[in-house]
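# Structural description and commentary
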Amino acid sequence: MDITYDFEVYANDYQNAGNASSEIKKYLMQIGFTTKFIRKIVICAYEAEMNIVIHSLGGKLTITIDNKKIILTSTDKGPGIKDLDLALSEGYSTATEAVREMGFGAGMGLPNMKKNCKFFEIDSSSKGTIVKLSWEIKDETFS
Amino acid sequence: MKHLVDIHSERCIGCTRCMRACPTEAIRIINNKASLIQDHCIYCGNCIINCHKSAYKVYSDSFANLNKYQIKVAIVPLAIFGMVADEAELGGIYKILYNYGFDEVFDLSGICSLLSEKVNEYIYNSDKTYILTHCPTIVRLIQLKYPILLENLLPFDFPFEIGAKVIRKIVSDKYQISEAKIGISYISECLSNFIAVKEPLGKQGSNIDNVFLFNDLIRNNLDKKTGLTNLVKSGVHFCQTGAYQHINKNNDVLTVDGIKQVDEVMENLYLNKINAVKLIEAYSCVGGCVGGNFTIENTFVAKWKASQLFEHTKTNDDELLNQYRKSLTDNDYLFSELVNPLSSYQLSDNIKQSLNKMSKINQILKQLPNIDCCACGSPSCHAFAEDVVNKVKTIDECHFFRKEK
Ligand SMILES: Nc1ncnc2c1ncn2[C@@H]1O[C@H](COP(=O)(O)OP(=O)(O)OP(=O)(O)O)[C@@H](O)[C@H]1O
Ligand code: SF4
Ligand code: SF4
Ligand SMILES: [Mg+2]
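Scoring rules and cut-offs
Residues numbered from 1 in each chain as written. Chains lettered and ligands numbered in written order. Predicted model: local features only at pLDDT ≥ 70, side-chain atom pairs only at ≥ 80, totals over all residues. Heavy atoms only, no water. Helix = DSSP H or I, 4+ residues; strand = E, 2+ residues; numbered from the N terminus. Buried < 20%, exposed > 50% of the residue type's maximum accessible area, 1.4 Å probe, protein only. Contact = heavy atoms within 4.5 Å. Near = heavy atom within 4 Å. Polar contact = N/O pair within 3.5 Å; in protein donor to acceptor, adjacent residues only side chain to side chain. Areas by Shrake-Rupley, 256 points an atom, 1.4 Å probe, with all protein chains shown as cover. Phe/Tyr/Trp six-rings, centres within 6.5 Å; stacked < 30°, edge-to-face > 60°. Lys NZ or Arg CZ within 6 Å of the ring centre and 35° of its normal. 1 Å grid on protein atoms, 1.4 Å probe; cavity = no way out; pocket = protein on both sides within 12 Å on 5 of 7 lines; lining within 4 Å. Sits in = over half its atoms within 2 Å of the grid points. Nonpolar A, V, L, I, M, F, W, Y, C, P; charged D, E, K, R; others polar. Buried area = accessible area lost by both parts, 1.4 Å probe. Salt bridge = Lys/Arg side-chain N within 4 Å of Asp/Glu carboxyl O. Axes fitted to C-alpha atoms, helices over the stretch in contact; angles between N-to-C directions. Parallel < 35°, antiparallel > 145°, perpendicular 65-115°, else oblique. Left-handed = near helix turned anticlockwise from the far one by under 90°. Arc of directions from axis to C-beta. Pairing = 2+ DSSP bridges. Expected span 1.5 Å × (residues − 1).

Helices and strands together make up the secondary structure of chain B, namely 15 helices and eleven strands. Overall, chain B is about 75 × 50 × 40 Å in size when its C-alpha atoms are taken along their principal axes. Burial status across chain B gives 60% buried among its 405 residues. Restricting to contacts in chain B with at least 6 residues of sequence separation, those with at least 24 account for 77%.

Here the focus is the site of ligand 1. All names here are of chain A. Ligand 1 sits among 19 residues. The nearest are His55, Ser93, Thr94, Gly105 and Met108. In the model, an oxygen atom of ligand 1 is placed 2.6 Å from a nitrogen or oxygen of the serine 93 side chain. Measuring from an oxygen atom of ligand 1, one finds a backbone N or O atom of methionine 108 at 2.8 Å. For ligand 1, the accessible surface in isolation is 590 Å², of which the surrounding protein chains cover 94%.

Under the defined criterion, the tally for this structure stands at 14 aromatic pairs over all chains. Lying over the aromatic face of B:Tyr270, A:Lys25 brings its terminal NZ or CZ to 5.4 Å of the ring centre. Its end group placed over the ring of B:Tyr270, A:Arg39 keeps NZ or CZ at 5.3 Å from the ring centre.

All names here are of chain B. Around ligand 3, the neighbouring residues are Cys135, Pro136, Glu189, Cys190, Ser192, Asn193, Tyr283, Ser284, Cys285, Cys289 and Gly292. Here ligand 3 occupies the largest cavity. Among the residues forming the shell around ligand 3, the class breakdown is six nonpolar, four polar and one charged.

A word on the interface of chain B and chain A. How large an interface is tends to be reported as the accessible area lost when its parts come together. The partner chain A presents 28 residues to the 29 residues of chain B that form the contact. The largest contributions to the chain B side of the interface with chain A come from B:Tyr270, B:Leu355 and B:Met358, which together make up 23% of the buried area. With a closest N to O distance of 3.7 Å, A:Lys25 and B:Glu267 form a salt bridge. Taken together, chain B and chain A are joined by seven residue pairs in polar contact (both at pLDDT 80 or more). Broken down by element, the residue count for the side of chain B that touches chain A peaks at eight residues, all from helix H13 (residues 351-366) of chain B. Class assignment for the residues of the side of chain B that touches chain A results in 13 nonpolar, nine polar and seven charged.

A few words on the packing of helix H4 (residues 109-123) of chain B against helix H12 (residues 318-327) of chain B. Residue and element names in this part refer to chain B. Between H4 and H12, the least distance of the axes is 10 Å, while the angle of their chain directions is 55°. By the angle class used here, H4 and H12 are oblique. Once H4 is placed against H12, the crossing between them reads as right-handed. Of the residues in H12, those in contact with Gly110, Ile111, Leu114 and Glu117 of H4 are Leu321, Tyr324 and Arg325.

For the rest of this paragraph, the subject is H12(B). All names here are of chain B. When we look at burial in H12, the residues that qualify are Leu320, Leu321 and Tyr324. Taken end-on, H12 shows its buried residues confined to a sector of 100°, consistent with a single buried face. Set apart from the buried face of H12 by more than 90 degrees, the exposed residues are Glu319 and Lys326. Those residues of H12 that are buried are in contact with strand S6 (104-106), H4 and helix H6 (159-175).

Here we come to unusual backbone geometry. Excluding glycine, a negative phi dihedral is what most residues carry, and trans is how most peptide bonds are arranged. Here the bond from A:Gly78 into A:Pro79 is cis, since omega is 10°, no more than 30 degrees from zero. Mapped onto the elements of the fold, A:Pro79 is located in the loop between strand S3 (69-76) and helix H3 (84-88). One non-glycine residue, B:Asn251, lies in the positive phi region at around 60°. Inspection of the secondary structure assignment puts B:Asn251 in the loop between helix H9 (243-247) and strand S10 (253-257). B:Asn251 sits in the exposed class, given a relative accessible area of 72%.

Within the secondary structure layout, A:Ser134 lies in strand S5 (residues 128-136). Apart from the residues within four sequence positions on either side, A:Ser134 is in contact with A:Ile70, A:Ile71, A:Cys117, A:Lys118 and A:Phe119.

With that out of the way, let us pick up the pairing of strand S2 (residues 27-30) of chain B. Residue and element names in this part refer to chain B. As judged from the four bridges shared by S2 and strand S3 (residues 33-36), these two strands associate in the antiparallel manner. Note that in S3 the partner of isoleucine 27 across the bridge is leucine 36. Linking S2 back to S3 in an antiparallel pair, the connection comprises two residues, with asparagine 31 at a positive phi of about 50°.

The next point concerns helix H11 (residues 299-312) of chain B. All names here are of chain B. Between its first and last C-alpha atoms H11 spans 20 Å; for 14 residues at 1.5 Å apiece the expected length is 20 Å, and the two agree. In the core, the buried residues of H11 are packed alongside helix H3 (87-99). The N-cap of H11, judged by a side-chain oxygen 2.8 Å from the amide nitrogen of phenylalanine 300 a few residues on, is asparagine 298.

Structure below.
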């Protein structure tokens, strides 16, 4: 049996940014994973959510949980990432000055996501970007 | 919290105000009356202040308890500095307490002044971001919602507990009687400290013997007769937010007050979004302890009064400060036990069962309007779905569900 949660994420909606990852945190705590495991997932969810808010035309965050794995998917409606290799390198960012002033745009989001999950996939075209992250559930990830 | 906080069922009208004000979804309306889920409560007192029917009752200790002590000591809360504009008025409040039969009255300015030296020494010896432990509600919030941040919590005990440890020694010396014959009462400004006495955090038993509510004992501060006080000027600021920001000029203290704002800041810390901050000075109450739920002064008037008191206080009581310094051991400043995570939100201790419950919650949620109207007596549609799965509620308690059928 698996459980899926979908969260609509709007472009430039800084007011509600972070709500999806906060809800995700709550659900993972209710299921009862270990705090360290949850933090990794929530940090990834937050980075993915912020990337949709900051860099895309809007999209959604989906998390699917069963007793073997957790899959977090972020999908958006474009404009896509031109150079994926560059986007995945630490410190690369196209964030505007205004966005940087709000504390984003260190170019660390995607690299951190990659570091904090077990499997990482990213696919992008002008129609949109899909980032898929997953984690395996082992005995020690459940408290 | 059993038998400590109760709801008068004849007064409660089930209006949902308290439930909607609760930051941790710890209240439900069941059979038209508010009811507490103790394990989710962080003692912020928002429910009490938001109740317009005076339905909440807090059971403080009975004065008769004091009879068994040879010497009765009262410790007044930090919040008191927001209720007096000068030392004479503070002495007036001391006098009210002497009239109640207390032999000695102490405030916590000196303790906080010494504690701040320890805190500063500690935070500048590490590269972590620390969370201040003045407010028990903040500690509970971390235990419940951010257990991973327990490692960011300072190891220092609450000011009133440190105070009780040293004051007991000093009074025992002064009267030449054993410590057991001294009864120490805390006159609490808030539910948080009140519960922290009754259900100690980070220790086996509290150092306080009895606890009373400030506004039960002291209704006004009009008696201006001077009594002797033991005010330490450098400790006055700790009654409100920003004291650490005030003494640490390095711009590396983040000050936050009001439980919902604190929650958001902790979320930021959790996401590694806060760095270059040495100390998060967090208070559950708006304004800090001067905003405590059992004070008798408006929070913002209190902040102004506390500045007045600071201005009007000439010097530190150095003699007392030295006495404290001599009597306090390093351990007296610290929690004696680890503060542990609370896993009260966890649905079951078996993953399959948890997932099973989650999936049922999800199925129920799909049938609900998701407008969080609260009419069912749960704080959100999601919480209602949880309650249905946990058999606290039945689905037809949702007004929309009923209508559609
Ligand atoms: N969903 C997306 N749609 C379009 N472009 C994206 C998307 N996600 C990332 N990018 C591009 O990839 C770059 C790198 O992303 P990354 O998350 O690593 O850094 P950042 O968002 O710029 O800064 P930080 O995440 O540290 O705040 C972004 O600057 C942006 O150009
Ligand atoms: S004291 Fe605070 S946390 Fe506890 S039930 Fe009341 S509002 Fe909720
Ligand atoms: S901030 Fe409020 S709840 Fe916390 S210790 Fe101070 S008065 Fe009590
Ligand atoms: Mg990013």
